[in-house]
Amino acid sequence: MVNRMGVLLVWLMLQFIGPTLSQPFPNYHADFVDIDHDDNQPKWWQAGAFYQIYPRSFKDSNSDGVGDLNGIADSLPYLKELGISATWLSPIFTSPMADFGYDIANFTEIAPIFGTMSDFERLMKIAKKLDMKIILDFVPNHSSDECDWFKRSAAGEEDYKDFYVWHPGRMVNGTRYPPSNWVSVFRGSAWQWHETRKEYYLHQFLKKQPDLNYRNPKVRDTMKNVLRFWLSKGVAGFRIDAVPSLFEIAPDAEGQYRDEPRNDWVNDPDDYGYLQHIYTVDQPETIAMVYEWRAVLDEFHDGAERILLAESYSPIDIEMQYYGNATVDGAQLPFNFLLITEISNKSNAEDYARTINKWLQHMPEGRTANWVLGNHDQSRVGSRLGSDRVDMLNMLITTLPGASVTYQGEELGMTDVWISWKDTQDPSACNTNASIYERFSRDPERTPFQWSASSDAGFSNASKTWLPIAPDYKLVNVDQERQQPQSHLNIYKQLMQLKKQTKTLQLGKTEVKALCGAVLGVKRYLQHDFIYLTLMNIFDDVETVNLKQSFSDLPAQMKVVLVAGNSKLKVGDLIDTSSLQLLPKESLIVRSTTTYYTYYTNGELRQLPVFGIYLLLAQVALYLSYRRALLTLN
């Protein structure tokens, strides 16, 4: 009798506790399968936070108005404060600076304007002490026309004769014309006549940036040795510039290059968009070259894995090939620019969900996603998508699976700066004229970093900086935002800390859905861990959403773990998952109040609170004990 009363008491307790979990229980015949179970820690880059530094604009240590290596080295503790895993530096190599370092005269020397090799080695030592990795910008498509290789090639030296893409041109009625109609990214013909050699050379960018000839094995070997040089210095990898342009179609049997077809919607023959670039980008050999570079990195087994980040704005099927194939590895992180190329100020939640899922659905199994919001070639996030969306977008890229990439200043909410024609520096704009230059200029997103409210935003003590300082620097700067608990900077730091501490955000599965036209939701979940939801109201109306209608297996309440500055909610508040009101442009992250066990039952994926498992097992045990007791009595 006592035994029966005990059983009854425990049974009643379970009936009381069970419903409070607000979680459907499986039947006793459920087949529990331990999915998502992964004891492995992600590699350093797989959930890493990458930060791009544009050296000219980060920190000037010698008062010449231009940022430099010592300025970067002295500022690395700031990146550590942010929670950055690795920083990649735009080119720091010897260059006449026609394209601000992307025209390299010597691939294994430091440009004097940035410092010396000793300064670089000091930077590496400080980074190592801070457990921060340094990634360099590898610019393989071209060199400067002041590079010794090009000078020797132009002179016809045997070892360098075919180091670049040369052609005598086409003769028509006794007149010499360029070999093809190809157009440079920076306007005009991609072919430049060289008076000494009496031939044209190819330049897909500036005429001072002649294209290297990757059909020449000597070029491929030379560039691999450039990688080895810097890898031996301890760098953690490379961002590969302008990958799609490495190869152009080979000449035909007569030694001629084919013209590219034109786009009917562009009428300016000097505009890059005038042609369909079917012969000058995305050639099959380019993918194989990236695989060869990955093999070079894999030669270095000391310490952490070295990585490649490939810059490409190619179609998605080509992007995915950069990852590698069934037999060979490629770039660990082909840059994902979809949030730049497919998302605008007018994009709704369905657009965001479609864009994010496009990458996740195309990505080969076992590869790592990455999310890029901006860089030195793109209008800043605050200007492109709105200053009031900065926090939500940083939340988005941090809580999506994989690595996040931040361009310097985006953590502060820096915006584009209008630059006059007189002050314009970007060759892309300088090659135009005063009436259209703003369409081509990248200067607005390259202005100096804003450290403080002091003179020149704390960037420099020079009388004049290489680009003007933003007029809002006294309000938008590191010192100012450190003092404001809900500033862009402090929310960014909280995001980095959350990801580092949360296994679900590092390794969990992902669902991305539009809850309505204005609200995007990202669900992350992992075996034996909490469920996390990132929620963002993209537009200017108050929205009320039922989270349980969009995402399965959510508890009745979830706890707020991070909010943007405009939210009335506070960290620790509980929200009702069946009815949540979001203010205009509000974004927040919530999590379940208990950890979950993932299982399959009746062919469906379900999630059960870990505590619920113990309750379930107790119910089963009590049920069996009760049956056994009845059998004994009978």
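Residues numbered from 1 in each chain as written. Predicted model: local features only at pLDDT ≥ 70, side-chain atom pairs only at ≥ 80, totals over all residues. Heavy atoms only, no water.

Draft legend 1. Expanded view of the packing of aromatic side chains. Inspection of the entire model under this criterion finds 34 aromatic pairs. On the numbers, 5.2 Å between centres and 5° between planes, the contact of Phe 107 with Trp 149 is stacked. One end of the pair, Phe 107, is in strand β4 (residues 106-110); the other, Trp 149, is in helix α4 (residues 148-154), and 42 residues separate them in sequence. You can call Trp 149 buried: its relative accessible area is 15%. With a centroid separation of 5.0 Å and an interplanar angle of 90°, the aromatic rings of Phe 150 and Tyr 164 are classed as edge-to-face. Taken as a pair, Phe 150 in helix α4 and Tyr 164 in the loop between α4 and β6 (166-167) lie far apart in primary sequence, 14 residues in all. Classification of Phe 150 by relative accessible area gives buried; the value is 4%. Members of the aromatic cluster, connected to one another through ring pairs, are Phe 107, Trp 149, Phe 150, Tyr 160, Phe 163, Tyr 164, Trp 166 and Tyr 201. A cation over an aromatic ring shows up here: Arg 56 above the ring of Trp 466, its NZ or CZ 4.5 Å from the ring centre. Here Arg 591 stacks its cationic end above the ring of Phe 530, 4.0 Å away from the centre of that ring. (Phe/Tyr/Trp six-rings, centres within 6.5 Å; stacked < 30°, edge-to-face > 60°. Helix = DSSP H or I, 4+ residues; strand = E, 2+ residues; numbered from the N terminus. Buried < 20%, exposed > 50% of the residue type's maximum accessible area, 1.4 Å probe, protein only. Lys NZ or Arg CZ within 6 Å of the ring centre and 35° of its normal.)

Draft legend 2. Here's a closer look at the sheet that holds strand β16 (residues 509-514). Spatially, the six strands line up as an open sheet ordered β16-β17-β18-β23-β20-β21, and their pairing is antiparallel. Two strands bound the open sheet, and with one partner strand each, they are β16 and β21 (574-576). Taking each pair of neighbouring strands and ignoring which way they run, the sheet shows an average axis angle of 30°. Two elements, strand β20 (residues 557-563) and strand β23 (residues 587-591), share four bridges in a ladder whose sense is antiparallel. The residue of β23 that forms the bridge with Leu 562 is Ile 589. (Pairing = 2+ DSSP bridges. Axes fitted to C-alpha atoms, helices over the stretch in contact; angles between N-to-C directions.)

Draft legend 3. Up close: the nonpolar core. In terms of nonpolar packing, the biggest core is built from 95 residues, with Tyr 78, Leu 79, Phe 120, Leu 136, Phe 238 and Trp 293 touching the most fellow members. Here this core spans two domains, and each of domain 1 (49-142 + 217-252 + 287-495) and domain 2 (148-202) adds at least three residues to it. Setting aside chain neighbours within four positions, we find Leu 136 in contact with Leu 89, Ile 92, Phe 93, Phe 120, Trp 230, Val 235, Gly 237, Phe 238 and Arg 239. Formed by 27 residues, the second largest nonpolar core is a distinct cluster that contains Leu 373, Met 392, Leu 393 and Leu 396. (Core = buried A, V, L, I, M, F, W, Y, C linked by side-chain atoms within 4.5 Å. Domains from an automatic or database assignment. Contact = heavy atoms within 4.5 Å.)

Draft legend 4. Summary view of the packing of helix α11 (residues 390-399) against helix α15 (residues 488-501). For the pair α11 and α15, the least separation of the axes is 10 Å and the interaxial angle reads 15°. It follows from the interaxial angle that α11 and α15 lie roughly parallel. Helix-helix and strand crossings are classified by hand; for α11 and α15 the assignment is right-handed. The residues of α15 that touch α11, namely those facing Val 390, Asp 391, Asn 394, Met 395, Ile 397 and Thr 398, are His 488, Ile 491, Tyr 492, Leu 495, Met 496 and Lys 499. Across the contact of α11 with α15, the residue classes tally to seven nonpolar, three polar and two charged. (Parallel < 35°, antiparallel > 145°, perpendicular 65-115°, else oblique. Left-handed = near helix turned anticlockwise from the far one by under 90°. Nonpolar A, V, L, I, M, F, W, Y, C, P; charged D, E, K, R; others polar.)

Draft legend 5. Structural context of unusual backbone geometry. The residue Asn 173 is not glycine, and still its phi comes out positive at about 55°. In this structure, Asn 173 sits in the loop between β7 (170-172) and β8 (175-177). Among the residues examined, Asn 173 registers a relative accessible area of 78% and is labelled exposed. Even without being a glycine, Asp 282 presents a positive backbone phi close to 55°.

Draft legend 6. Summary view of the layout of surface pockets. In this structure, the largest pocket occupies an estimated 1000 Å³ of space. As for the largest pocket, its lining consists of 38 residues, and the residues nearest its centre are Val 185, Phe 205, Tyr 313, Asp 377 and Arg 442. Contributions of two or more residues to the lining of the largest pocket are made by α8 (338-341) and α13 (437-440). By residue class, the composition of the lining of the largest pocket is 14 nonpolar, 11 polar and 13 charged. Three or more residues apiece are contributed to the lining of the largest pocket by two domains, here domain 1 (49-142 + 217-252 + 287-495) and domain 2 (148-202). (1 Å grid on protein atoms, 1.4 Å probe; cavity = no way out; pocket = protein on both sides within 12 Å on 5 of 7 lines; lining within 4 Å. Points joined across faces, edges and corners; volume = space filled by probe spheres on them.)

Draft legend 7. Structural detail: the pattern of salt bridges. Counting across every chain of the model gives 36 salt bridges. With its nearest N and O atoms 3.1 Å apart, the salt bridge here joins Glu 305 to Lys 43. One end of the pair, Glu 305, is in the loop between α6 (284-297) and β12 (307-310); the other, Lys 43, is in the loop between α1 (2-17) and β1 (49-53), with 262 residues separating them in the sequence. Looking at Glu 305, the relative accessible area reads 21%, which means it is partly exposed. Where Arg 239 meets Glu 311, a salt bridge forms, and the shortest distance between an N and an O atom there is 3.1 Å. (Salt bridge = Lys/Arg side-chain N within 4 Å of Asp/Glu carboxyl O.)

So, to be careful, I would describe these as geometric facts and stop short of saying anything about function.
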